[in-house]
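Each chain, written out:
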Amino acid sequence: MRVILTFSRDEAITIPADYRRRFISLLKEALMDEYPDLYKNGVIKPYTFAVVLNMGSKFSKEKVQNVRTVIFKFSTGSGDIFGSVLNFAIRMINKGGGISFGKDAPTFPLREINTKIETPKGKRFKTLSPIVVNNPSGNPKNPKEHFIIPRENGYEERLFETLKERMEGITGKTPYKLEFKADKVKEVFVKHYGGFVRGFVGSFEVEADPETLRFIYDYGLGIRTGQGFGMVDYEL
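Residues numbered from 1 in each chain as written. Predicted model: local features only at pLDDT ≥ 70, side-chain atom pairs only at ≥ 80, totals over all residues. Heavy atoms only, no water.

Engineer: Would you mind going over the overall build of the chain with me for this structure?
Structural biologist: Along the backbone of the chain there are five helices and 12 strands. Here the C-alpha radius of gyration of the chain, 17 Å, is about what a compact globule of 236 residues would show, namely 18 Å. Projected onto its principal axes, the C-alpha positions of the chain cover 45 × 35 × 35 Å. Classification of the 236 residues of the chain by burial places 47% in the buried group. In the chain, of all internal contacts separated by at least 6 residues, the share reaching a separation of at least 24 is 72%. With an accessible surface of roughly 11,700 Å², the chain has 49% of that area assigned to carbon and sulfur atoms. (Helix = DSSP H or I, 4+ residues; strand = E, 2+ residues; numbered from the N terminus. Rg over C-alpha atoms; globule rule 2.2 N^0.38 Å. Buried < 20%, exposed > 50% of the residue type's maximum accessible area, 1.4 Å probe, protein only. Contact = heavy atoms within 4.5 Å. Areas by Shrake-Rupley, 256 points an atom, 1.4 Å probe, with all protein chains shown as cover.)

Engineer: Just checking my understanding: could you explain the sheet that holds strand E7 (residues 124-127) for this structure?
Structural biologist: Across a sheet, strands are paired by hydrogen bonds formed along the backbone, either parallel or antiparallel in direction. In spatial order, the strands read E10-E11-E7-E12; together these four strands make up an open sheet with antiparallel pairing. This sheet does not close on itself; its edge strands, each paired only once, are strand E10 (179-192) and strand E12 (232-234). The sheet shows a mean angle of 25° between the axes of neighbouring strands, taken without regard to direction. (Pairing = 2+ DSSP bridges. Axes fitted to C-alpha atoms, helices over the stretch in contact; angles between N-to-C directions.)

Engineer: What's the story with the side chain of Arg 9 in this structure? I'm lost.
Structural biologist: Looking at where Arg 9 falls in the secondary structure, it is placed in strand E1 (residues 2-16). Here Thr 107 takes part through its backbone oxygen, which lies 2.9 Å from a polar atom of the side chain of Arg 9. Beyond its immediate chain neighbours, meaning those up to four positions away, Arg 9 contacts Arg 68, Pro 106, Thr 107, Phe 108, Pro 109 and Arg 111. (Polar contact = N/O pair within 3.5 Å; in protein donor to acceptor, adjacent residues only side chain to side chain.)

Engineer: What am I meant to see in helix H5 (residues 210-219) here?
Structural biologist: Owing to its 3.6 residues per turn, the α-helix aligns residues three or four sequence positions apart on the same side. Most of H5 is tucked away, with eight of its 10 residues classed as buried. Those residues of H5 lying buried are Thr 212, Leu 213, Arg 214, Phe 215, Ile 216, Tyr 217, Asp 218 and Tyr 219. After H5 finishes, the residue Gly 220 shows a positive phi value of roughly 90°.

This is the structure we're talking about:
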């Protein structure tokens, strides 16, 4: 189940490259009162999201220029969480609200709300936000060592470990297997909370049971899915 919010303004502005954190705060604002336990340390977030900027946005290490439209795509398998985020968005648009990316920064008004509920459509996926997988033995100060991407040693095993942990934590169920086949993938480094996260974008195929495939669509793949990473869509 997905909620898609479109924020836009007539005049393009510059926003921080670390823009995902604004939507982490937005979700906390939407969910904290009803689900305070979600924000205790170590609790796995039962959702994922992606942020898409307009074509023509110019990315650099610390900022993104020429931004007019920001699309927030939220996904969950929980009807209650879906309803809470949707109702929060409805209240926001009714009040003429929006988002900004810093104190005294210009606002992007919320212009449009859409929802999407899909039936399962197979085992081929494409990324909507970078998929991130960590190497527990890697140097946390070096993104090249702390994170791994497809075709690097131990990637598929670690991907399955993170999936198992999240699926058991969110649904109480255990995935039977995961076979991951990367097609076209690209390494990316993303500014996040003052540092950099390494992941990949692209398309891939997953061999797994239907319940696991649905979990991946609803809740994302990899780690930091509650921070704007790991969201996917079906590749038809």
